[in-house]
Amino acid sequence: MARPILMPQVGQDLTEGKITALNIKLGDKVKKGDIVAEVESEKAVFEVEAFETGTVMEIRYKVGDMATVLEPIIMVGSEGEVLETAAATSTASVEVQAAATTAIESVSVTPVERGRDLETAFLKAGTGGSSPLARRLAGSAGVDIAQIPGTGPRGAVVKRDVEAFQRSKPGVSSVLPFSGGTVRATTGGALPLRTLQSGTGDPVVLIHGFGGDVSAWRPFVAHIGLANPILALDLPGHGAAAASSVSDFDSLTAAVHATLAASGIDRLHLVGHSLGAAVAASIAGGGSLQVRSLSLLSPAGLGPRINGDYVAGFLSSTSEAALKVWLELLVLDPSSLPGVLVRATLSAREGTAMVDHQARLAAGVFAGNTQLFSIRDALHRFGGPVRAIIGREDRIIPSEQADAVPSHVGLYRLPNVGHLPQLEAAPLVGRLIAENVRSAG
């Protein structure tokens, strides 16, 4: 199967970079470690290293284009392999839309790869057109996309065009309340709260799991398909909050709560993964914030067991080879794990106290193979719509512990999925989250 070489994230604030050089062409053979491109950000020029070996099947950007972090720049595969797309270049737009709808129902293809393939196929279907995300945003805002000038490839309407069109409409004060950048809490935890998508309505706030950071959500945002603002924060000891530290679950929850309370958000939807899902559930059950809906991905806190060997191995790994062994436990199919993730995780640790602070947190929330907290009471207290999405093949938190969810919680068990359903089954998980958000009214 074709494998992507991703645009790396160099620094927590980098969201895109300009392609300044491509060192390969279609049909070239590349191996792990080859420098395939150069990218320029606002602060530096850096090289893009191949983390996959194979033959170049597709180059998704040309020199001068802006590439989004953690999205494919190049696709490689086996010699003679044909890269499948959602539709052929000459296919009519109606047929492309049908192919896209069919593909979204399937979770067998690498999610990041599929999302980009669908958008590329649609844009190739004729001059102009629009991206799937742009159409969803326009539809949710009640805007005829034909009225929006496009600035994307071949004049296509893309997300930024919908946002610009909405901003230009007179008398609309609630449009795009979160337009980008970083919002910091002025009191309490002071965790960085970043805007991943601007939009209208109550914001959706994403909370990552242990060992992750904000960047892990970026490829997934397009799969949610909502017009709402989508924000994400780094937990203490993670990402841009690497310098901060907490030592137990209550302190962790309090730091996130303080940041949200100080941000000026009156109402919100919470989406959390693993330990972040436990934090989201605790905040929702507390009742002090107006949480409209709650979506939990592989939530911690439903039972006592956790893979303590994974936590210890993740924290103690100092080489790519060692860390790769542990990170592959997160997914059922190791090939679905982005190759850049190992290098990015190690790079983020350099020159920081991140590992020490994460180890301190781990000691306060886990004891060996035991979780030291529970979210079951919080879930009983929360009266809004809530869904728990579990991978049946989760090797970090046993999936059978999800049996402990209260009866009002919608429980979705995904076959052939491990601990990262937002990566392994992104279209389906995005749809389930969107349905949950919309059900709040």
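Described in the following lines is the structure provided in the data block. (Residues numbered from 1 in each chain as written. Predicted model: local features only at pLDDT ≥ 70, side-chain atom pairs only at ≥ 80, totals over all residues. Heavy atoms only, no water.)

What about helix 10 (residues 340-349)?
Thinking step 1. Here helix 10 has its buried residues at Val 340, Val 342, Thr 345, Leu 346 and Arg 349.
Thinking step 2. Next to the buried residues of helix 10 lie strand 1 (3-6), helix 8 (308-316), helix 9 (320-327) and helix 11 (354-365).
Thinking step 3. Directly after helix 10, the chain includes Gly 351, whose backbone phi takes a positive value near 75°. (Buried < 20%, exposed > 50% of the residue type's maximum accessible area, 1.4 Å probe, protein only. Helix = DSSP H or I, 4+ residues; strand = E, 2+ residues; numbered from the N terminus. Contact = heavy atoms within 4.5 Å.)

As for the sheet that holds strand 8 (residues 72-77)
Thinking step 1. With antiparallel pairing, the 4 strands of this open sheet are ordered in space as 1-8-6-3. Each edge of the sheet is formed by a strand with only one pairing partner; in this case those strands are strand 1 and strand 3 (29-30).
Thinking step 2. Relative to strand 6 (residues 54-59), strand 3 runs antiparallel, the two being bridged by 2 bridges. Bridging across to strand 6, Val 30 finds its partner in Gly 54. (Pairing = 2+ DSSP bridges.)

Topic: helix 8
Thinking step 1. Regarding helix 8, the residues found buried are Gly 308, Tyr 310, Val 311, Gly 313, Phe 314 and Leu 315.
Thinking step 2. Tucked inside the fold, the buried residues of helix 8 contact helix 9, helix 10, helix 11 and strand 15 (366-367).
Thinking step 3. For helix 8, the side-chain oxygen to backbone nitrogen distance between the N-cap and Asp 309 is 3.2 Å, and the N-cap itself is Asn 307. (Polar contact = N/O pair within 3.5 Å; in protein donor to acceptor, adjacent residues only side chain to side chain.)

Focus on the nonpolar core
Thinking step 1. Membership of the largest hydrophobic core comes to 62 residues, with the highest contact counts inside it found for Ile 207, Phe 249, Val 256, Leu 260, Leu 270 and Leu 294.
Thinking step 2. With 8 residues, helix 7 (residues 275-286) is the largest single contributor of residues to this core.
Thinking step 3. Apart from the residues within four sequence positions on either side, Phe 249 is in contact with Leu 275, Ala 278, Val 279, Ser 282, Gly 364, Val 365, Phe 373 and Ile 375.
Thinking step 4. Val 214, Ile 224, Leu 414 and Ala 434 belong to the second largest nonpolar core, which has 23 residues in total. (Core = buried A, V, L, I, M, F, W, Y, C linked by side-chain atoms within 4.5 Å.)

Some words on the pattern of salt bridges
Thinking step 1. One pass over the full model with this rule turns up 14 salt bridges.
Thinking step 2. In this structure, the salt-bridge partner of Asp 202 is Arg 267, at a minimum N-O distance of 3.0 Å. Within this pair, whereas Asp 202 is found in the loop between strand 10 (192-197) and strand 11 (204-207), its partner Arg 267 is found in strand 13 (residues 267-273), the two being separated by 65 residues in sequence.
Thinking step 3. Among the ionic pairs, Arg 431 bridges to Glu 435, the shortest N-O distance being 3.9 Å. Of this pair, Arg 431 and Glu 435 both sit in helix 14 (residues 426-439), 4 residues apart, roughly one helical turn.
Thinking step 4. With relative accessibility at 33%, the residue Glu 435 sits in the partly exposed group. (Salt bridge = Lys/Arg side-chain N within 4 Å of Asp/Glu carboxyl O.)

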